[in-house]
Amino acid sequence: MKKSLKYLLPVLLGVFLIPIPLLGDFHFESALVAATVGCFWGGIVSSKLILKKDSSVVLKVFRAIYLFGLPLLFYSYYSNCLSWHGVGFWLLIPIPSVLFGVAMGRFYRKLTVPFPTFLTVFSLLFISIVVLLMEFFTLPQVYFFNHVWGAWPGPIYDESVTITFSLFFYRGITLLWILLLWFLPDWKRSLITKLIVLISITLLIPAYFSLADFQIITPRSELKSRLTLYQTEHFDIYFSEERFSVHEIEYWALKHEFHFNQIVNQLEIDWPENRKIESFIYFSAWQKKELVGAKFTSYVPVWLEQDQLHIAKEHLEAVLKHELVHVISKQFGNSLFNGSWSIGLIEGLSEAIAKDASPQSTLDQILAADPPYPSPEQMKSALTISGFYSSAGAISYTTSGSFVRYLLDNYPVSNFKEAYSTSNFEDAYNLSFESLVEGWHQSLPALEIDSVDQQVSNFIFSQRSIFQKNCPHMVTPIMELWDQIRLFETINIKEKALPIVENLYELAPQYLTIKQKWLQYQLEFGKYDLVINAIDANDSIPNFSILRADAFALKKEWADAYDQLEMVWNLLPGQLPGSFKYSFELRNDTLQWNQFNSVRYKMDLPSVDVFPSMNLANQMLTIQQTAAFYLKADLTAFTSISYLQSKNQDWFDVYELLIDRLIYLEEFDKSQQWIDAVSELELRPRYLERLNEQIEWLDFVTNK
């Protein structure tokens with residue numbers, strides 16, 4: 001029975017782990033648990049050995065942890081979640097860790113020092129915890145390697161976690177330590193032993209000098225050496241020079257100062273003199289992942305003494321203000337890591353100030369569209385780490401953001417700052433938490449909610465967190481190819497993306513999103529006949545049919561183009577979907593259609609002489625592209641002409657963009673004219689928030 005138990009018990013433990021989110025997957029999280037337990041177990045047993053061989057300890061621990069992993073392996077396989085990356089983590093993380101633990105225990109036993117088990121446990125605890133904390137509080141990265149528990153790849157929101165060369169390199173260092181610890185006590189025994197010890201030391205020295213080169217650590221000095229410095233009054237901005245024009249970096253530097261000014265005023269902060277914030281803006285999310293471990297997750301290491309924020313260029317528009325709130329709120333954070341003990345207050349504060357949960361609906365409207373509202377008990381849980389991360393990020397951010405917005409709007413900021421630091425609402429507000437939540441609830445029902453708010457709310461509250469997803473780290477070949485396409489599109493090298501798009505289409509032509517991507521690329525690269533032949537003349541999917549019509553138009557075969565366009569019209573309902581609302585106006589006649597195709601597929605912007613002949617839809621498309629390139633002369637001329645056109649809330653995104661760029665380009669009179677004109681429209685509440693942001697932007701740039 002005892003013999004059977006040693007085989008059965010680890011299997012049962014593995015079975016019990018299956019229902020636990022992330023840990024039940026045969027991937028790096030479960031491998032990390034197995035490695036940690038195996039390392040300490042092997043070290044403790046090895047430190048006490050008298051008659052048995054160390055190899056027997058290794059085999060015993062390996063047998064237990066892989067029996068423990070067996071149910072996870074089978075479950076992942078039968079649920080189609082098993083990946084080679086998961087298998088790789090289970091080889092590269094537990095095996096070296098167990099050997100490291102056994103080598104540590106054997107080292108102290110062989111030295112015949114007092115309390116070898118205590119020294120073994122102390123050493124492993126120091127390496128697994130203290131070394132981690134030293135790196136955590138001194139380095140800007142959010143990925144970590146460790147000889148005891150293996151590796152932590154970065155934020156859990158970056159769901160794609162794969163094996164990297166860095167892990168192989170680091171486990172090579174672990175192997176050198178194993179050899180050194182194993183043979184050092186007996187180094188006088190033979191020449192081979194001495195050689196192994198000397199070779200291990202000789203290789204460890206250059207390995208540790210190369211940690212930054214192999215992305216084992218990323219010191220600030222490494223980041224600064226890879227990026228270019230641009231300085232402002234409150235910021236040292238480090239950016240990828242090859243990805244920014246002169247206009248762009250000047251614009252974003254000014255935006256840094258603008259949002260800084262907004263936040264310190266709203267939070268009533270007296271910013272210390274000569275205290276600069278370091279802003280690292282990466283070439284792309286992929287470069288950010290390589291250097292600091294976070295890919296699509298922008299972050300602020302509030303726990304570091306030096307104020308920093310880390311953002312990929314393509315995410316600046318969406319997250320800069322949000323992340324700056326995290327930096328500035330360090331001024332009233334707790335004494336341990338400069339933040340709040342409540343993750344909900346940390347993220348809720350940024351959401352409440354940045355208001356960027358949706359471009360169409362306010363935080364409160366999103367909440368009001370999805371009753372019942374969280375109870376005081378649910379809200380208290382939602383502000384904790386476990387409650388916050390048990391829901392999808394969008395849900396947690398929006399809910400906590402609406403609650404914090406209520407607190408900031410209805411009570412002194414000083415009350416919130418105290419609650420932020422201590423997480424004690426009763427002392428900070430002299431009210432019960434239940435009373436605060438009830439007041440928040442009462443502020444929501446009076447809001448006007450329409451179908452757009454309902455759609456936004458439904459979308460946000462239907463999302464699942466990584467803890468709720470099946471196969472949270474599964475990376476299929478299709479996902480890998482799609483990721484490569486996103487990279488080349490982000491850095492605007494579409495010619496390199498083209499063969500990948502074609503490869504992806506060959507691999508999975510049945511997926512409509514992939515087919516549409518392939519069709520768009522063929523049009524952009526002039527392969528019009530391929531598009532025409534790939535889509536049936538009577539295709540029931542309007543998106544495809546309209547691309548087929550564009551292919552005929554690009555070939556100047558106008559009769560076929562309009563026949564295809566008429567077929568699309570017949571496919572659509574009487575009330576045109578939002579995505580098709582202006583599709584036919586953009587293609588109203590051959591002149592408009594030619595101009596649309598030039599801008600959309602050839603990135604060929606019209607001259608100022610041609611622009612007046614374009615209808616409103618094509619003018620808005622042209623202004624959108626022109627503003628993206630900060631082309632002052634063209635943008636000024638285009639907006640002067642377009643200003644004479646009637647205004648429509650449907651084009652608010654374009655209006656906001658052109659106002660924003662006109663302000664940066666110091667066209668203050670024109671930007672004020674547009675602000676006045678757009679203000680006269682019957683705007684959505686969220687649009688009013690965004691327009692007010694532009695009014696503040698104008699005031700800041702005018703008076704800078």
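Residues numbered from 1 in each chain as written. Predicted model: local features only at pLDDT ≥ 70, side-chain atom pairs only at ≥ 80, totals over all residues. Heavy atoms only, no water.

### Structural notes on the pairing of strand E3 (residues 228-231)
Within a regular beta strand, the side chains point alternately toward one face of the sheet and then the other, so they alternate between its two faces.
Here is step 1 of the chain: Both E3 and strand E4 (residues 235-239) contribute to a ladder of four bridges, which runs antiparallel. Paired with Tyr230 across the strands is Ile237, a residue of E4.
Here is step 2 of the chain: Between E3 and E4, which pair antiparallel and follow one another directly, the connecting turn spans three residues. (Pairing = 2+ DSSP bridges. Helix = DSSP H or I, 4+ residues; strand = E, 2+ residues; numbered from the N terminus.)

### Quick word on the pairing of E4
Here is step 1 of the chain: The buried fraction of E4 is high, at five of five residues.
Here is step 2 of the chain: By the alternation rule, side chains of E4 split into Phe235, Ile237 and Phe239 and Asp236 and Tyr238, which are all buried.
Here is step 3 of the chain: Taken together, the five bridges between E4 and strand E5 (residues 277-282) define a ladder with parallel strand orientation. Along E5, the bridge assignment pairs Tyr238 with Phe280. (Buried < 20%, exposed > 50% of the residue type's maximum accessible area, 1.4 Å probe, protein only.)

### Considerations on the packing of aromatic side chains
Here is step 1 of the chain: Following the criterion strictly, the structure yields 47 aromatic pairs and no others.
Here is step 2 of the chain: Ring centres of Trp286 and Phe296 lie 5.5 Å apart, and the angle between their planes is 85°; on these two criteria the pair is classed as edge-to-face. In this pair, Trp286 is assigned in helix H11 (residues 285-292) and Phe296 in the loop between H11 and strand E6 (308-312), connecting sequence segments ten residues apart.
Here is step 3 of the chain: Every member of this aromatic cluster is reached through a ring pair, and the members are Phe403, Tyr406, Tyr411, Phe425, Tyr429, Phe433 and Trp440. (Phe/Tyr/Trp six-rings, centres within 6.5 Å; stacked < 30°, edge-to-face > 60°.)

### Some thoughts on the environment of Val246
Here is step 1 of the chain: Relative to the elements of secondary structure, Val246 occurs in helix H10 (residues 246-266).
Here is step 2 of the chain: We classify Val246 as exposed; its relative accessible area is 60%.
Here is step 3 of the chain: For the pair Val246 and Ala637, spaced 391 residues apart in sequence, the C-alpha to C-alpha distance is 22 Å.

### With respect to the pattern of salt bridges
Here is step 1 of the chain: Going through the model one piece at a time under the given rule, you end up with 32 salt bridges.
Here is step 2 of the chain: For Arg405, the salt bridge goes to Asp364, with nearest N and O atoms at 2.7 Å. Taken together, the positions of Arg405 in helix H17 (residues 393-410) and Asp364 in helix H14 (residues 363-368) put the pair 41 residues apart, joining distant regions of the chain.
Here is step 3 of the chain: Given the relative accessible area of 15%, Arg405 is considered buried.
Here is step 4 of the chain: A relative accessible area of 9% places Asp364 in the buried class.
Here is step 5 of the chain: One connected set of salt bridges, linked through shared partners, spans Asp54, Arg106, Arg109, Asp186 and Arg189. (Salt bridge = Lys/Arg side-chain N within 4 Å of Asp/Glu carboxyl O.)

### Digging into the packing of H10 against helix H32 (residues 652-664)
Here is step 1 of the chain: Packing of H10 against H32 leaves a shortest axis separation of 11 Å and a crossing angle of 95°. Classified by the angle between their axes, H10 and H32 sit roughly perpendicular to one another. Taken together, the residues of H32 that come into contact with H10 (itself represented by His247, Glu250, Tyr251, Leu254 and Lys255) are Asp660, Arg661 and Tyr664.
Here is step 2 of the chain: Taken together, the residues of the contact of H10 with H32 sort by class into three nonpolar, one polar and four charged. (Axes fitted to C-alpha atoms, helices over the stretch in contact; angles between N-to-C directions. Parallel < 35°, antiparallel > 145°, perpendicular 65-115°, else oblique. Contact = heavy atoms within 4.5 Å. Nonpolar A, V, L, I, M, F, W, Y, C, P; charged D, E, K, R; others polar.)

### Looking at the environment of Asp54
Here is step 1 of the chain: Locating Asp54 in the fold gives a position in helix H3 (residues 54-78).
Here is step 2 of the chain: Spatially, the C-alpha atom of Asp54 lies 77 Å from that of Leu565, the residues being 511 residues apart in sequence.
Here is step 3 of the chain: Setting aside chain neighbours within four positions, we find Asp54 in contact with Ser46, Leu49, Val102, Arg106, Arg109 and Trp182.
Here is step 4 of the chain: Within polar-contact distance, the side chain of Asp54 engages the side chain of Arg106 at 3.0 Å. (Polar contact = N/O pair within 3.5 Å; in protein donor to acceptor, adjacent residues only side chain to side chain.)

### A short note on the sheet that holds E5
Hydrogen bonds between backbone groups are what pair the strands of a sheet, and the pairing can be parallel or antiparallel.
Here is step 1 of the chain: The mixed open sheet is built from four strands, whose spatial order is E3-E4-E5-E6. Only two strands of the sheet have a single neighbouring strand rather than two, namely E3 and E6. Within the sheet, the average angular offset between the axes of one strand and its neighbour, ignoring direction, is 20°.
Here is step 2 of the chain: Helix-sheet contacts for H10 involve E3, E4 and E5, and the interaxial angle to E4 is about 140°.
Here is step 3 of the chain: Its contacts with the sheet place helix H12 (residues 316-328) against E4, E5 and E6, and it is angled at close to 165° to E6.

### As for the side chain of Glu135
Here is step 1 of the chain: Mapped onto the elements of the fold, Glu135 is located in helix H6 (residues 116-136).
Here is step 2 of the chain: Despite its burial, Glu135 pairs with no opposite charge, the nearest such side chain being Arg171 at 12 Å.
Here is step 3 of the chain: Beyond its immediate stretch of four places on either side in the chain, Glu135 contacts Phe144, Phe145 and Ile217. (Lys, Arg positive; Asp, Glu negative; His and termini not counted.)

### Considerations on the side chain of Arg109
Here is step 1 of the chain: Tracing the chain through its elements places Arg109 in helix H5 (residues 94-110).
Here is step 2 of the chain: Reaching out from Arg109, the side chain makes a polar contact with the side chain of Asp54 at a distance of 2.9 Å.
Here is step 3 of the chain: Dropping the residues within four chain positions of it, Arg109 is found in contact with Ser46, Ser47, Leu49, Asp54 and Pro116.

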